[in-house]
Every structure is written in structure tokens, then in C-alpha cells.
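A structural walkthrough
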Amino acid sequence: MTEATDKAQYYSCPVGVFDSGFGGASTLRSILHELPDERFIYFGDNANAPYGDRPEEEILRLSEAAAELLLGHGVKALVVACNTATSASIKALRQKLDVPVVSVEPAIKPACETPGSGKVLMLATVATTKLARYRALQARMPEPDRVINVGCSGLVERIERGVTADDGFDDILCRHLAPYEGATIDGIVLGCTHFPFIAGAIKRYAKQHFNGECRLYDGNAGTARQLGRVLRREGLAAPEGACEGLTSNERVRFYTSADAASAEPIFRRLLALPE
């Protein structure tokens, strides 16, 4: 797709977005705000969520299968809206696919730029904190040791059941964060796309148990801006007004590896949550 004439047929095609489950809906929510003229197909691999508890080879296989499914629906670009899948598969996907691929990344850079002498907590799945791509990202920070990586197993599973209440995660947060009770925490990175849905719960816990600003960071806005830049650069951006008159359900098609009748209402609710 190097010539304008070759690209013309792709202007009206949707963008594909996938995650291990519902987490990528937080990324898509930012993208919908940033790119009002684009349509999307979302695939949640809910039957295999969370990816963060799986071996790297399996994460790669599942990510490639998700990408192939979306390509089968004619997407013009792909967003890997999962930090674990990004760490395990983004290089292979970019080498294999002939559409642009945009990924999420834990927002530790802006968090590490937060003034103060306290630590930065990076909350993510266990796999994300261990994979080489993330470790390399952390190593590039001015003070890598300022970042404390916390693999928070259990949070994704509960969010996948549709739980987002501010008081619905105290037991899991305590299990993972109790060792830092009373510490000065300048920033908390939401290193899993599921976690913005429980930002209120994390803020609540931080206020009760940590000192410091405890500002929350996620990379969704940056991913949305990058997708816009890539679509414009490649000549694939939809024309202005392309989605006028479409309902939200028409603008975003949802697919899942689990039961769609039970999964789609949760997805639609999460997608509509306020920023």
C-alpha cells in the first residue's frame, strides 16, 4: 500500500483493536475521543484472559491468532491494546503483517518525570513485569531503581467479571501493595489496560496507605495520538465526517472468544465509562 490509488479503498475500512479481554476498551475509549471519524472492530480474547499468567510463547501464539482474526475482517491498521501482548509479540506482528501496527506501552517515562524523592509503582500483570521489552524500557529511565514493579495477579480476573467499584479491590490491592505501606509514592503507573477501569479503587487505596502525590499514569492517550499520526502518515485516515449518523454500536463492532451474549454488555458499559 505505497500508492495513493492502492490506499483509496482502505479509507473506509475499520481499525482493529485487540486485548486479552476487556482491558483494551480503555485504550479504545481514548482512541474514539481522539479519532472521531474512524470505525473499529474490537476483539477480546476473554476465553483466554488474562494473558499475564501465561508463558511468552503462548502469549505470542494467542496474539497472532487475534491479529489474523481482525485481518480477516479487513482492518486497515491494528492496535495491540494489551501491555503483555505488546511485550511478547509486537516485533513478530510488525514483521509478519502488512498493515500498520500500533501498541500500548506502560507510561513509566512520564511517571519517572514526576518531581519528588519517592518511588514509582508500576502495576501490571506478572508477565509484563518480567518480559524483556518492558525491562529494556525500564532500563532507559534516568533512575531505573526508582521504579518498583508489582505484578498484580487477580485484578484482571475480577475486572473481567464486570466489577469496577472503588471498594471492590481492597483485598487484592492489600495483598500486593501492603509491603509498601507508609512509603512515599510519587506516581503509580497503570501498566495493564484493564487498570484504568479501577483507577478509583487504586486512588482510594493509595490515599489510605501511601504518602506522596500518588499520581496515576496510563499510556492510552499517547497510543491514541500515535494511531492518528500513523493513519495520516500512511494515507489511511478516514475523511472528516465519515462516522456522522452512526450509533456507537455501528461505529464499534465487538467480537470475543467467550460468550458474546454475556461479554458484550460488559464491554459496552466499560467503553462508556467517563474518563
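Going by the structure above, here's the rest.
Rules used throughout
- Residues numbered from 1 in each chain as written.
- Predicted model: local features only at pLDDT ≥ 70, side-chain atom pairs only at ≥ 80, totals over all residues.
- Heavy atoms only, no water.
- Helix = DSSP H or I, 4+ residues; strand = E, 2+ residues; numbered from the N terminus.
- Rg over C-alpha atoms; globule rule 2.2 N^0.38 Å.
- Buried < 20%, exposed > 50% of the residue type's maximum accessible area, 1.4 Å probe, protein only.
- Contact = heavy atoms within 4.5 Å.
- Lys, Arg positive; Asp, Glu negative; His and termini not counted.
- Charge placed at Lys NZ, Arg CZ, Asp CG, Glu CD.
- Pairing = 2+ DSSP bridges.
- Axes fitted to C-alpha atoms, helices over the stretch in contact; angles between N-to-C directions.
- Arc of directions from axis to C-beta.
- Phe/Tyr/Trp six-rings, centres within 6.5 Å; stacked < 30°, edge-to-face > 60°.

**Structural notes on the overall build of the chain**
- On a plain count of helices and strands, the chain comes out with 13 helices and nine strands.
- In terms of overall dimensions, the chain is globule-like: its C-alpha atoms have a radius of gyration of 18 Å, near the 19 Å expected for 275 residues.
- Taking the principal axes of its C-alpha atoms as reference, the chain extends roughly 60 × 40 × 35 Å.
- Split into buried and exposed, the 275 residues of the chain put 53% on the buried side.
- Within the chain, contacts between residues separated by at least 24 positions form 79% of all contacts whose residues are at least 6 apart in sequence.
- For the chain, the separation between the mean place of its 31 positive charges and that of its 35 negative charges on side chains is 2 Å.

**Focus on the sheet that holds strand β8 (residues 215–217)**
- The strand order across the open sheet formed by four strands is β6-β5-β7-β8, and the pairing between neighbours is parallel. In this open sheet, the two strands that pair with only one neighbour each are β6 (147–151) and β8. The average undirected angle you get between the axes of adjacent strands in this sheet is 25 degrees.
- Two strands pair when backbone bridges link them, and strand β7 (residues 185–190) and β8 are joined in this way by three bridges, in the parallel orientation.

**Considering helix α10 (residues 199–209)**
- Taken as a whole, α10 has its buried residues at A199, A201, I202, Y205 and A206. Summarising the axial view, the buried residues of α10 lie within an arc of 160 degrees, below the 170-degree limit, and thus occupy one face. Along α10, the residues that are exposed and aim more than 90 degrees away from the buried face are K203 and K207.
- Looking at the buried positions of α10, the neighbouring elements they touch are β5 (119–124), α9 (170–177), β7 and β8.

**Things to note about the packing of aromatic side chains**
- Using the criterion set out here, one finds four aromatic pairs in the structure.
- When the ring of Y42 is compared with that of F267, the centres are 4.7 Å apart and the planes differ by 35 degrees; the resulting orientation is tilted. Placement of Y42 in strand β2 (residues 40–44) and of F267 in helix α13 (residues 260–272) is noted, with a sequence separation of 225 residues between them.
- Aromatic side chains F254 and F267 sit 4.5 Å apart centroid to centroid with 25 degrees between the ring planes, which places their arrangement in the stacked category. Residue F254 is located in strand β9 (residues 252–256), and its partner F267 is located in helix α13; the two are separated by 13 residues in the primary sequence.
- On the basis of relative accessible area, F254 is assigned to the buried category, the value being 9%.
- The exposure class assigned to F267 is buried, which follows from its relative accessible area of 0%.
- Within the aromatic cluster, the residues linked to one another by ring pairs are Y42, F254 and F267.

Geometric descriptors of this kind do not, in isolation, establish any biological role.
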